[in-house]
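Remarks on the overall topology
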Amino acid sequence: MSERKVPTGRYLVTGGAGFIGSHLCEKLLQSGSQVVAVDNLITGNLRNLKNFENNPKFELIRQDITGRLEILGNFDGIFHLASPASPVDYAEFPIETLRVGSYGSEHVLEMAKKSKCRVLVASTSEIYGDPQQHPQKESYWGNVNSIGPRSCYDESKRFLEALTMAYHRVFGLQTRIIRIFNTYGPRMRENDGRVVPNFCMQALRGESITIYGEGKQTRSFCYVSDLVEGILATFLGDSHLPINLGNPTEFTIADFAKKIIALTGSRSELVHKPLPEDDPQLRCPDITKARTELNWEPKVPIDEGLAKTIEYFRQLV
Ligand SMILES: NC(=O)c1ccc[n+]([C@@H]2O[C@H](COP(=O)([O-])OP(=O)(O)OC[C@H]3O[C@@H](n4cnc5c(N)ncnc54)[C@H](O)[C@@H]3O)[C@@H](O)[C@H]2O)c1
């Protein structure tokens, strides 16, 4: 599996100052492309752009994409990643989350139509809800609570997928849809409430590590460089239908916490708290489609990815 390279050109990345978006911008710049990132910094951070903010081929436009998208010129490709993404973030910004998935996505798809370029949109494993099929294949329709605490995110992303398919069917737009499963790595926000930053920060501070429920729920974690390869592979691939990108290796939350304690050399202990409402018990991608159609699968071993991530969080303690 060799590294994917999109043709050199001018690319738009929405949510480019976020965790995944900033890694994608960096990768596109490394292959000589011009990159315009648009971000309103609602959950992103300028710190994420430090490695490449002075690159003359990079431009950041601070703009809310739910308003009019005022970006000059055409693009050779668009990657639409803008959206609050962690449960803490979308609980704080439920309306903004629904707006960016709907109005924001429409503006981005219109821009792709105007540029006559391919557009890749970031959906999520959350569209499967609390799945009754395990692991989840792309053909599974999901088990989603339309009014629960996660619904602002789940439904915003389901709408994003529906709108993207409609643009493909009505206008023949070249669209790509990825369903991202838990991804981790440097530049995650230390307080975004997700498992990896939570456990790393608690372990590095020597605080107790919080486990919701008994810790038997499983999660799988994909390192960000693997995900970026998957994004490029999907963008370059032939299918307009959704594709799962994630790492199928599962850990129970309790085992994962113990791994982080070991890797940080911490003396933290585990404490248990009640499970939040609608917390999925099992979450694991079936990536057969990505393997067969894109020749993509994650490569970075968990200990290696976590070591880099812990190094990053160490600077923030
Ligand atoms: N990280 C994961 O594990 C994961 C899993 C599934 C899906 N995703 C999807 O991947 C994408 C990126 O996620 P992330 O983890 O990098 O999150 P992130 O919060 O770090 O990045 C999202 C970026 O979008 C920006 N943004 C949000 N609303 C905006 C708006 N209206 N206008 C302009 N910019 C806006 C934010 O400021 C932020 O920089 C999201 O669409 C998310 O739903 C991520």
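See above for the structure.
The present account deals with the structure reproduced in this document. Bear in mind that the values here come from a model prediction, so they are computed numbers and not experimental data.

Conventions adopted
- Residues numbered from 1 in each chain as written.
- Predicted model: local features only at pLDDT ≥ 70, side-chain atom pairs only at ≥ 80, totals over all residues.
- Heavy atoms only, no water.
- Helix = DSSP H or I, 4+ residues; strand = E, 2+ residues; numbered from the N terminus.
- Near = heavy atom within 4 Å.
- Polar contact = N/O pair within 3.5 Å; in protein donor to acceptor, adjacent residues only side chain to side chain.
- Areas by Shrake-Rupley, 256 points an atom, 1.4 Å probe, with all protein chains shown as cover.
- Pairing = 2+ DSSP bridges.
- Axes fitted to C-alpha atoms, helices over the stretch in contact; angles between N-to-C directions.
- Core = buried A, V, L, I, M, F, W, Y, C linked by side-chain atoms within 4.5 Å.
- Buried < 20%, exposed > 50% of the residue type's maximum accessible area, 1.4 Å probe, protein only.
- Contact = heavy atoms within 4.5 Å.
- Salt bridge = Lys/Arg side-chain N within 4 Å of Asp/Glu carboxyl O.
- Parallel < 35°, antiparallel > 145°, perpendicular 65-115°, else oblique.
- Left-handed = near helix turned anticlockwise from the far one by under 90°.
- Nonpolar A, V, L, I, M, F, W, Y, C, P; charged D, E, K, R; others polar.
- Phe/Tyr/Trp six-rings, centres within 6.5 Å; stacked < 30°, edge-to-face > 60°.

**Focus on the environment of Asn40**
Take Asn40: it is sitting in the loop between strand 2 (34–39) and strand 3 (58–62). When the C-alpha positions of Asn40 and Val300 are compared, they lie 31 Å apart, and in sequence the two are 260 residues distant.

**Here's the deal with the site of the ligand**
Neighbouring the ligand are 30 residues; Ile20, Asp39, Thr43, Tyr153 and Lys157 lie closest to it. Between an oxygen atom of the ligand and a side-chain N or O atom of Thr43, the distance comes to 2.7 Å. Contact with the protein chains removes 97% of the 820 Å² of surface that the ligand exposes when unbound. For the shell around the ligand, the elements supplying multiple residues, two or more each, are helix 1 (19–30), strand 5 (118–124) and helix 4 (151–171). Sorting elements by how many residues they give to the shell around the ligand places strand 5 first, with three residues.

**Points about the sheet that holds strand 1 (residues 10–14)**
The strand order across the open sheet formed by seven strands is 3-2-1-4-5-6-11, and the pairing between neighbours is parallel. In the strand order of this sheet, the two ends are held by strand 3 and strand 11 (243–245), each with one partner. In this sheet, neighbouring strand axes are inclined to one another by 20° on average, regardless of whether the strands run parallel or antiparallel. Sheet topology note: the strand 5/strand 6 (residues 175–180) ladder contains six bridges and is parallel. Across the sheet, the residue bridging to Ala122 is Ile178, located in strand 6.

**Some details on the nonpolar core**
By size, the foremost hydrophobic cluster in this structure holds 60 residues, and its most contacted members are Leu24, Leu28, Phe79, Ile231 and Phe256. In terms of residue count, helix 6 (residues 224–236) provides more of this core than any other element does, seven residues in total. Look past the residues within four positions of Phe79 in its chain and what remains in contact with it is Tyr11, Leu12, Val13, Thr14, Leu24, Leu28, Leu120, Ile231, Leu232 and Phe235.

**Examining unusual backbone geometry**
Looking along the chain, the bond that leaves His134 and enters Pro135 is cis, with omega of -10°. Within the secondary structure layout, Pro135 lies in the loop between strand 5 and helix 4. Positive phi outside glycine occurs at Arg187, with the angle close to 85°. Locating Arg187 in the fold gives a position in the loop between strand 7 (183–184) and helix 5 (195–204). A positive phi angle, close to 55°, is found at Asn295, a residue other than glycine. On the secondary structure map, Asn295 appears in the loop between helix 8 (288–294) and helix 9 (302–314).

**A word on the pattern of salt bridges**
Counted according to the given criterion, the structure contains 15 salt bridges. In this structure, Glu3 and Lys27 form a salt bridge, with 3.0 Å as the shortest nitrogen-oxygen distance. Separated by 24 residues along the polypeptide, Glu3 in the segment before strand 1 and Lys27 in helix 1 bring together distant segments of the chain. We classify Glu3 as exposed; its relative accessible area is 56%. For Lys27, a relative accessible area of 18% translates into the label buried. Arg291 is the partner of Glu297 in a salt bridge, and the nearest nitrogen-oxygen pair spans 2.6 Å. A relative accessible area of 39% places Arg291 in the partly exposed class.

**A few points about the packing of helix 5 against helix 7 (residues 253–264)**
Contact geometry for helix 5 and helix 7: axes closest at 9 Å, N-to-C directions at 45°. The orientation of helix 5 relative to helix 7 falls into the category oblique. Crossing geometry of helix 5 relative to helix 7 is assigned as right-handed. When helix 5 is examined against helix 7, the residues Val195, Val196, Phe199, Cys200, Ala203 and Leu204 are found in contact with a partner set consisting of Ile253, Phe256, Ala257, Ile260 and Thr264. For the contact of helix 5 with helix 7, the class distribution of residues is 10 nonpolar, one polar and no charged.

**Here's the deal with the packing of aromatic side chains**
All told, the structure shown has 14 aromatic pairs when counted by the stated rule. Summarising the aromatic geometry, the rings of Tyr11 and Phe235 are spaced 6.2 Å apart at their centres and angled 80° between planes, so their arrangement reads as edge-to-face. Here the residue Tyr11 occupies a position in strand 1, and Phe235 occupies one in helix 6, the gap between them amounting to 224 residues. For Phe235, a relative accessible area of 4% corresponds to the buried category.

The analysis is restricted to geometry; functional conclusions fall outside its scope.
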